[in-house]
Amino acid sequence: AKPLGKEGGVPVLMLLHHSRDTASKQWDETWVLLLHSSTRLFRAFLPTLMARPRFSKAWARLLAFCRTSLLAARRSVEVSKAAIHAL
């Protein structure tokens, strides 16, 4: 466990799963969560979002983010798989 500091005089520790033990892996997991969350929101509220005046711009940005994520295959297969699932 990695010490983060103290709270009320008691040490606060952070446990890391062995599969997420580097900054790069943690960043990839954050990226995957963002992909899942943003596409889930688009699916859940698509009719409402489509009625908004800037929907086209938001849709284009989401697709661009998915494309960027998909092209990350050289760096992270996990991120690329999440991008495929998002589409």
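Shown above is the structure to which this text applies.
Predicted model only: the values in this text are computed from it and were never measured.

Trainee: Would you mind showing me how to read the nonpolar core here?
Mentor: The nonpolar side chains of a soluble globular protein tend to be buried with one another. Within the largest apolar cluster, twelve residues are counted, these being Trp31, Val32, Leu35, Phe42, Phe55, Leu62, Cys66, Ala72, Val79, Ala82, Ala83 and Ala86. When contributions to this core are tallied by element, the ones reaching two or more residues are α1 (23-44), α3 (55-70) and α4 (77-86). Those residues in contact with Val32 that sit more than four places away from it in its chain are Glu78, Val79 and Ala82.

Trainee: Would you mind going over the packing of aromatic side chains with me for this structure?
Mentor: For any two aromatic rings, the description comes down to two numbers: the centre-to-centre distance and the angle of the planes. Applying the stated criterion to the full structure yields five aromatic pairs. Between Trp27 and Trp31, the ring centres sit 6.5 Å apart and the planes meet at 50 degrees, which makes this aromatic pair tilted. Of this pair, Trp27 and Trp31 are both found in helix α1, four residues apart, which corresponds to roughly one turn of the helix. Each member of the aromatic cluster is reached from another via a ring pair, and the members are Trp27, Trp31 and Phe65.

Trainee: Whenever I open this one, α3 confuses me. Can you help?
Mentor: Since one α-helical turn is 3.6 residues long, residues separated by three or four positions face the same way. If you check α3, its first and last C-alpha atoms are 22 Å apart, about what 16 residues at 1.5 Å a residue would give, namely 22 Å. Where α3 is buried, its residues contact α1, α2 (46-50) and α4.

Trainee: In this structure, what is going on with the pairing of strand β2 (residues 10-14)? I would like to understand it.
Mentor: Within a regular beta strand, the side chains point alternately toward one face of the sheet and then the other, so they alternate between its two faces. The pairing of strand β1 (residues 2-7) with β2 spans five bridges and is antiparallel. Considered in β2, the bridge of Pro3 is made with Leu13. Here β1 folds back onto β2 in antiparallel fashion, the turn holding two residues, of which Gly8 has a positive phi close to 65 degrees.

Parameters at a glance
- The numbers attached to residues start from 1 for each chain and follow its sequence in the written order.
- At least 70 in pLDDT is required for a residue's local features to be given in this predicted model, at least 80 for side-chain atom pairs to be given and counted, and no such filter applies to totals for whole chains, interfaces and linings, which use all residues.
- Hydrogens are left out, water is left out, and the side-chain values use all remaining heavy atoms of the structure.
- Residues enter a nonpolar core if they are buried and are Ala, Val, Leu, Ile, Met, Phe, Trp, Tyr or Cys, with the set joined through side-chain atoms within 4.5 Å.
- Only protein chains enter the accessibility calculation, which uses a 1.4 Å probe; a residue whose area is less than 20% of its type maximum is buried, one above 50% is exposed, and one in between is partly exposed.
- Counting from the N terminus, the helices are the DSSP runs of H or I reaching at least four residues and the strands are the DSSP runs of E reaching at least two.
- Contact criterion: two residues are considered in contact whenever any of their non-hydrogen atoms come within 4.5 Å of each other.
- Note on aromatic contacts: the rings of Phe and Tyr and the six-membered ring of Trp form a pair at centre separations within 6.5 Å, being stacked when their planes are under 30 degrees apart, edge-to-face when over 60 apart, and tilted otherwise.
- Helix span, as expected, comes to 1.5 Å for every residue beyond the first.
- Any two strands with at least two DSSP bridges between them are considered paired.

All quantities given are derived from atomic positions and should not be read as evidence of function.
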